[in-house]
Amino acid sequence: MTNTKINKTIENFTCIEEALRYFEIDFDKGFINESRDLLVKRFGGNLILSKADDWFSARRALKNAYCKTQRERLDKHTRSACRGCTSCERR
């Protein structure tokens, strides 16, 4: 990752809750406690893949990580929607 302002801000976060608050994403504390490591790992991977260089692209990377992690917990045979991303909220 390049050393843009957003990347420096992300590096200063001490926990995933700070990132969720910074990017104005509502979250469930119980869910975060259960899947913190996976969420942090996915968020870091999404940042690298998307080459996030501004607030919006970094927010999208976090929302995608949150959504994918949350969808894995849902029943695969139903059309349940998570509350982590815009695409799921529209279903």
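Reading the values: the criteria
- Residues numbered from 1 in each chain as written.
- Predicted model: local features only at pLDDT ≥ 70, side-chain atom pairs only at ≥ 80, totals over all residues.
- Heavy atoms only, no water.
- Helix = DSSP H or I, 4+ residues; strand = E, 2+ residues; numbered from the N terminus.
- Contact = heavy atoms within 4.5 Å.
- 1 Å grid on protein atoms, 1.4 Å probe; cavity = no way out; pocket = protein on both sides within 12 Å on 5 of 7 lines; lining within 4 Å.
- Points joined across faces, edges and corners; volume = space filled by probe spheres on them.
- Nonpolar A, V, L, I, M, F, W, Y, C, P; charged D, E, K, R; others polar.
- Axes fitted to C-alpha atoms, helices over the stretch in contact; angles between N-to-C directions.
- Parallel < 35°, antiparallel > 145°, perpendicular 65-115°, else oblique.
- Left-handed = near helix turned anticlockwise from the far one by under 90°.
- Core = buried A, V, L, I, M, F, W, Y, C linked by side-chain atoms within 4.5 Å.
- Buried < 20%, exposed > 50% of the residue type's maximum accessible area, 1.4 Å probe, protein only.

A. How the structure looks around the side chain of Arg42. Among the structural elements, Arg42 can be located in helix α3 (residues 29-50). Filtering out sequence-adjacent residues up to four positions away, Arg42 remains in contact with Ala65, Lys68, Thr69 and Glu72.

B. Spatial organisation of the layout of surface pockets. Size it by volume and the largest pocket reaches roughly 180 Å³. Of all the secondary structure elements, the ones that give two or more residues to the lining of the largest pocket are α2 (16-22) and α3. Broken down by element, the residue count for the lining of the largest pocket peaks at four residues, all from α3. Considering only residue class, the lining of the largest pocket consists of nine nonpolar, two polar and no charged.

C. Expanded view of the packing of α3 against helix α4 (residues 55-73). Look at α3 against α4: their axes get within 8 Å of each other, and the N-to-C directions meet at 135°. As judged from the angle between their axes, α3 and α4 are oblique. Considering only the axes of α3 and α4, their crossing is right-handed. Between α3 and α4, the residues in contact are Phe31, Ile32, Glu34, Ser35, Leu38, Leu39, Arg42, Phe43, Asn46, Leu47 and Ser50 and Ala58, Ala61, Leu62, Asn64, Ala65, Tyr66, Lys68, Thr69, Gln70, Glu72 and Arg73, respectively. The class makeup of the residues in the contact of α3 with α4 is eleven nonpolar, six polar and five charged.

D. Representation of the nonpolar core. Within the largest apolar cluster, 18 residues are counted, with the highest numbers of intra-cluster contacts made by Ile16, Phe23, Phe43 and Leu62. Those elements giving two or more residues to this core turn out to be α1 (5-11), α2, α3 and α4. Sequence-distant contacts of Leu62, defined by excluding residues within four places in its chain, comprise Ile16, Ala19, Leu20, Phe23, Ile25 and Phe43.

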